[in-house]
Amino acid sequence: MNKVVASAEEAVQDIANGSTIMLGGFGLCGIPENLIAALVKRGLMGLHTISNNMGVDGFGMGLMLEAGMIASHIGSYVGENRRLEQMVLKGELALTLIPQGTLAERIRAGGAGIPAFYTPTGLGTVVAEGKETREIGDRTYVLETALRADVALVKAWKGDRLGNLVYRKTARNFNPVMATAARVTIAEVEELVEPGELDPDHIVTPGIYVKRMVVGREYKKPIESRFIREKMAQAGGAA
Amino acid sequence: MNGKERIARRIAREVKDGYYVNLGIGLPTMVAAYLPLGIDVIFQSENGMLGVGIPPLEDVADPDLINAGKQPVTEIAGSSYFASDESFAMIRGGHMDMSVLGAMQVDEQGNLANWTIPGKMVKGMGGAMDLVAGARRVIVAMEHQTKEGESRILRQCTLPLTGTHVVHDIVTELGWIRVTPDGLMLTEIAEGIGPAEVQARTEAKLAISPDLTAMVVV
């Protein structure tokens with residue numbers, strides 16, 4: 001078994017216009033940079049994206065937005081993307097904002113064969129409007145449905161040709177859960193290792209979830225917010 | 001000491017040994033810098049980390065290691081990493097002792113609005129709705145009024161809500177306000193200001209605690 005393909009372009013070549021695509025990452029941390037670049041190169045249109053954020057102007061999913069590839073988006077926070085804000089205010093893009101934990105759990109449910117679940121999150125807010133609620137014990141909960149996608153694009157640190165993946169620090173975020181919830185999961189890794197090199201006890205995404213893999217190159221990994229120690233001291237912090 | 005620092009320093013005194021705490025983006029993040037010495041507190045970041053350490057020096061900032069504000073952080077000995085679904089399982093599941101969040105508006109019922117201004121600002125709720133639904137204690141940290149001098153503590157929030165009946169305490173540079181079943185109660189007050197002035201700068205009705213004390217900031 002060998003799930004590794006030669007390039008990011010090859011990995012995404014069968015994705016169709018109008019597909020629903022999950023993209024891992026939190027802000028610009030742990031995003032599939034190479035797969036995003038390959039999608040932009042292909043010039044796909046009418047995509048429905050599911051991702052916690054939407055990159056920034058000029059990087060990550062911001063590139064897909066600028067190329068006019070995205071018809072609708074589901075996420076929890078898009079505060080760093082001015083272009084998106086303008087598009088939404090003008091009605092050029094259908095944006096659905098949902099609570100981050102509800103987003104994660106809807107994806108988890110999608111991957112785990114659970115069609116819907118009750119959550120306390122969002123009760124009494126616009127998030128709960130039009131949704132079934134139910135009293136269980138002494139609290140009222142909102143019914144949320146599972147999310148699945150045609151394709152999930154995820155980024156891992158190391159992986160083997162069987163698709164087993166491990167992640168690095170907070171670059172894990174939405175990647176493992178999205179890997180479970182798509183018909184086709186494509187993983188890009190920084191380093192390809194031989195089967196057996198990853199400690200089986202430490203594997204986060206078992207290979208069964210991964211359909212295709214590619215080794216990423218030339219990672220930029222920009223840091224979105226440079227709030228470093230000196231700056232914190234200036235702001236009055238003891239640090 | 002400016003108002004924000006005053007707020008962060010006061011809330012830091014409320015954090016107890018053994019607590020697991022989630023700090024929101026911006027002002028709440030500053031709380032970590034003023035913790036009392038000699039207590040063990042574990043900070044959670046909802047992007048998937050327990051044991052958030054101090055910010056790194058610039059030349060060692062690791063792009064794979066950020067907090068929920070997308071700022072580089074460090075790990076403490078004993079940190080752990082996990083995916084977003086597990087991160088919110090621990091938040092929603094009632095495992096966080098305290099959540100400190102910023103706000104645009106809070107009202108007499110403990111309702112909170114902090115994620116959108118219809119027609120003007122598109123940002124999103126991020127993890128705030130889950131945090132207020134799941135944390136054992138929710139403290140709002142914010143400046144008492146807007147830059148235009150309008151009250152942020154209202155009879156009823158006018159912006160779309162983040163949660164209903166979720167706020168336990170409101171801390172501003174003017175004092176500590178507790179949300180009670182009967183409304184808001186001023187329990188601590190900043191130096192050099194009287195209860196009447198705090199009320200004058202607050203739209204909501206404030207009861208004054210019979211045990212009103214000075215807000216001690218160290």
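Every value quoted in this text rests on a predicted model; they were computed, and no experiment measured them.

Along its length, chain B carries four helices and 15 strands. A compact globule built from 218 residues should have a C-alpha radius of gyration of about 17 Å, and chain B, at 17 Å, falls within 12% of that. Considered along the principal axes of its C-alpha atoms, chain B spans approximately 50 × 40 × 30 Å. For chain B, with 218 residues in total, the buried portion stands at 61%. Within chain B, counting contacts between residues at least 6 apart in sequence, those at least 24 apart form 62% of the total.

Enumeration according to the criterion identifies 18 salt bridges over all chains in this entry. Measuring nitrogen to oxygen at the nearest pair gives 2.8 Å for the salt bridge that ties Arg168 of chain A to Asp64 of chain B. Residue Arg168 of chain A is located in the loop between strand E9 (165-166) and helix H6 (175-179), and its partner Asp64 of chain B is located in the loop between strand E3 (49-52) and strand E4 (75-81); the two belong to separate chains. Because the salt bridges share partners, they merge into one network encompassing Lys155, Arg168, Glu190 and Lys221 of chain A together with Asp62 and Asp64 of chain B.

Turning to the interface of chain A and chain B, a few remarks are in order. Counting residues at the interface gives 57 residues for chain A and 50 residues for chain B. Between chain A and chain B, roughly 4700 Å² of surface is buried when both sides are summed, and carbon and sulfur atoms account for 61% of that area. Applying the counting criterion to the chain A and chain B interface returns four salt bridges. A salt bridge links Glu75 of chain B to Lys169 of chain A; its shortest N-O distance comes to 3.1 Å. Summed over the shared surface of chain A and chain B, the result is 19 residue pairs in polar contact (both at pLDDT 80 or more). For the side of chain A that touches chain B, the secondary-structure elements that each account for two or more residues are helix H4 (82-89), strand E4 (94-97), helix H5 (100-112), H6 and helix H7 (229-234) of chain A. In terms of residue count, the dominant contributor to the side of chain A that touches chain B is H5 of chain A (six residues). Taken together, the residues of the side of chain A that touches chain B sort by class into 26 nonpolar, 17 polar and 14 charged.

Turning our eyes to something else, we now look at the sheet that holds strand E5 (residues 116-119) of chain A. In a beta sheet, neighbouring strands are held together by backbone hydrogen bonds and run either parallel or antiparallel to one another. Residues and elements named next belong to chain A. Spatial strand order, E5-E7-E6: three strands in an open sheet with antiparallel pairing. Sheet topology places E5 and strand E6 (133-136) at the edges, where each strand pairs with a single neighbour. On average, each strand axis in the sheet is tilted by 35 degrees relative to the strand beside it, whichever way the strands run. Inspection of the sheet shows E6 paired to strand E7 (residues 139-145) by four bridges, in the antiparallel sense. Residue pairing in the sheet places Ile136 in a bridge with Arg139 of E7. Each of E5 and E7 is contacted by H5, which is oriented at about 150 degrees to E5, the strand it contacts most.

Okay, the nonpolar core next. All names here are of chain A. Counting residues in each nonpolar core, the largest one holds 39 residues, and the members touching the most others are Leu39 and Met64. Looking at this core, the elements that each hand over two or more residues are helix H1 (8-11), strand E1 (20-23), helix H2 (33-42), helix H3 (61-66), H4, E4, strand E8 (149-160) and strand E10 (182-193). Examining the composition of this core, we find that four residues originate from one element, H2, more than from any other. Excluding residues within four positions of it along the chain, Met64 makes contact with Leu23, Ile36, Leu39, Val40, Leu47, Thr49, Met69 and Ile70.

Another aspect to go through is unusual backbone geometry. In terms of backbone geometry, most residues other than glycine have negative phi values and most peptide bonds are trans. All names here are of chain A. Positive phi values are uncommon outside glycine, yet Lys169 reaches one of about 50 degrees. Following the sequence through the fold, Lys169 ends up in the loop between E9 and H6. Even without glycine at this site, Asn173 takes up a positive phi of about 30 degrees. Examined against the element boundaries, Asn173 turns out to sit in the loop between E9 and H6.

Of the residues in chain B, 100% reach a pLDDT of 70 or more, and the chain-wide mean stands at 96. The complex prediction reports pTM at 0.95, with the ipTM value standing at 0.96.

Calculation criteria
Residues numbered from 1 in each chain as written. Chains lettered and ligands numbered in written order. Predicted model: local features only at pLDDT ≥ 70, side-chain atom pairs only at ≥ 80, totals over all residues. Heavy atoms only, no water. Helix = DSSP H or I, 4+ residues; strand = E, 2+ residues; numbered from the N terminus. Rg over C-alpha atoms; globule rule 2.2 N^0.38 Å. Buried < 20%, exposed > 50% of the residue type's maximum accessible area, 1.4 Å probe, protein only. Contact = heavy atoms within 4.5 Å. Salt bridge = Lys/Arg side-chain N within 4 Å of Asp/Glu carboxyl O. Buried area = accessible area lost by both parts, 1.4 Å probe. Polar contact = N/O pair within 3.5 Å; in protein donor to acceptor, adjacent residues only side chain to side chain. Nonpolar A, V, L, I, M, F, W, Y, C, P; charged D, E, K, R; others polar. Pairing = 2+ DSSP bridges. Axes fitted to C-alpha atoms, helices over the stretch in contact; angles between N-to-C directions. Core = buried A, V, L, I, M, F, W, Y, C linked by side-chain atoms within 4.5 Å. pLDDT = per-residue confidence, 0-100.

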